[in-house]
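As a plain string of letters, each chain reads:
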Amino acid sequence: MPELHIRPARRDDARAVSAIYDYHVAHGTASFDSEGPSEAGWAGKITDVLAHGWPFLVADRDGEVLGYAYATQFRPRAAYARTCENSIYVADTARGTGVGTVLLGHLLDAARESGFEQMIAVIGGGEPASVALHGKLGFVHAGRMRNVGFKFGRKLDTVYMQYDLTGGDTPA
């Protein structure tokens, strides 16, 4: 099997990123969106994230984007400048193949290199696969907001998980 490459996203990855996200919007609860951004919207997002010096990565095998992950400042206030929120989605055809594990591992390193000290995963629907992926890489449960979303005719929770990028996790 050809090697998986993790690389910074480019604007021309927007079509693949859009297709991956649209699948999850239509079939899953990880996103509470009812429709995803346009390809142009994704191209703008890639440009904006990278312009801030934050990571936006894709997992590429033989020119096919199998997943993407990025980190952005958790909230816009200055106090959150060292805390990021991650987003990770894997193509349906690549789920369960280890792409997510490799991609999230690289995102942790890239976020640390970008100056972030804490990473927050906001997991829509409490998606078990996403919770398991984050837990496998060392994220700890930080909270649950019950019944805050509604999709596919049911109420959904949001799970928060946290990863200390400094390796310290000591109180202020």
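Residues numbered from 1 in each chain as written. Predicted model: local features only at pLDDT ≥ 70, side-chain atom pairs only at ≥ 80, totals over all residues. Heavy atoms only, no water.

Concerning the pattern of salt bridges
Then comes step 1: One pass over the full model with this rule turns up 10 salt bridges.
Then comes step 2: A salt bridge links aspartate 13 to arginine 7; the shortest N-O distance between them is 2.8 Å.
Then comes step 3: On the basis of relative accessible area, arginine 7 is assigned to the buried category, the value being 15%.
Then comes step 4: For aspartate 109, the salt bridge goes to arginine 112, with nearest N and O atoms at 3.0 Å. A residue pair is termed a helical-turn pair when its members lie 3 or 4 positions apart in one helix, as aspartate 109 and arginine 112 do in helix α3 (residues 99–113) at 3 residues.
Then comes step 5: A relative accessible area of 39% means that aspartate 109 is categorised as partly exposed.
Then comes step 6: Relative accessible area serves as the criterion here: at 34%, arginine 112 is assigned to the partly exposed category.
Then comes step 7: The structure contains a network of salt bridges with shared partners spanning Arg7, Asp13 and Asp60. (Salt bridge = Lys/Arg side-chain N within 4 Å of Asp/Glu carboxyl O. Buried < 20%, exposed > 50% of the residue type's maximum accessible area, 1.4 Å probe, protein only. Helix = DSSP H or I, 4+ residues; strand = E, 2+ residues; numbered from the N terminus.)

Quick look at unusual backbone geometry
Then comes step 1: The backbone of asparagine 147 sits at a positive phi, close to 55°, despite the residue not being glycine.
Then comes step 2: Inspection of the secondary structure puts asparagine 147 in strand β6 (residues 140–151).
Then comes step 3: Despite not being glycine, phenylalanine 152 has its phi angle at roughly 55°, a positive value.
Then comes step 4: Mapped onto the fold, phenylalanine 152 is located in the loop between β6 and β7 (154–164).
Then comes step 5: With a relative accessible area of 48%, phenylalanine 152 lands in the partly exposed category.

Considering the nonpolar core
Then comes step 1: Grouped together as the largest cluster of nonpolar side chains are 45 residues, with contacts concentrated most on Trp42, Phe56, Tyr68, Met119, Phe139 and Leu165.
Then comes step 2: For this core, the secondary structure elements donating two or more residues are α1 (14–27), α2 (39–51), β2 (56–61), β3 (64–73), β4 (83–90), α3, β5 (118–124) and β7.
Then comes step 3: Among the elements that take part in this core, α3 stands out by supplying 7 residues, more than any other.
Then comes step 4: Those residues in contact with methionine 119, other than ones at most four positions away along the chain, are Ala71, Cys84, Asn86, Leu107, Leu108, Ala111, Phe139, Met161, Gln162, Tyr163 and Leu165. (Core = buried A, V, L, I, M, F, W, Y, C linked by side-chain atoms within 4.5 Å. Contact = heavy atoms within 4.5 Å.)

A word on α1
Then comes step 1: With 14 residues, α1 ought to run about 20 Å at 1.5 Å a step, and its terminal C-alpha atoms sit 20 Å apart, in line with that.
Then comes step 2: The complete set of buried residues in α1 reads Ala14, Val17, Ser18, Ile20, Tyr21, His24 and Val25. Buried residues of α1, viewed axially, fall in a sector of 165°; they line one side. Opposite its buried face, α1 presents the exposed residues Arg15 and His27, each directed more than 90 degrees away. (Expected span 1.5 Å × (residues − 1). Arc of directions from axis to C-beta.)

Some words on a nonpolar patch on the surface
Then comes step 1: On the surface, Phe32, Met145 and Val148 cluster together into a nonpolar patch covering about 240 Å² of accessible area.
Then comes step 2: Here phenylalanine 32 lies in the loop between α1 and α2. (Patch = residues over 30% accessible without salt bridge, like charges linked within 9 Å, V, L, I, M, F, W, Y side chains within 5 Å. Areas by Shrake-Rupley, 256 points an atom, 1.4 Å probe, with all protein chains shown as cover.)

Describing the packing of α1 against α2
Then comes step 1: The geometry of α1 relative to α2 is characterised by a closest axis approach of 8 Å and an angle of 110° between their N-to-C directions. Between α1 and α2, the angle is such that the two are roughly perpendicular. The interaxial crossing formed by α1 with α2 has right-handed handedness. Between α1, through Ala14, Arg15, Val17, Ser18 and Tyr21, and α2, the contact on the second element is made entirely by Glu39, Trp42, Ala43 and Ile46.
Then comes step 2: Taken together, the residues of the contact of α1 with α2 sort by class into 6 nonpolar, 1 polar and 2 charged. (Axes fitted to C-alpha atoms, helices over the stretch in contact; angles between N-to-C directions. Parallel < 35°, antiparallel > 145°, perpendicular 65-115°, else oblique. Left-handed = near helix turned anticlockwise from the far one by under 90°. Nonpolar A, V, L, I, M, F, W, Y, C, P; charged D, E, K, R; others polar.)

Shape descriptors only; they carry no functional weight alone.
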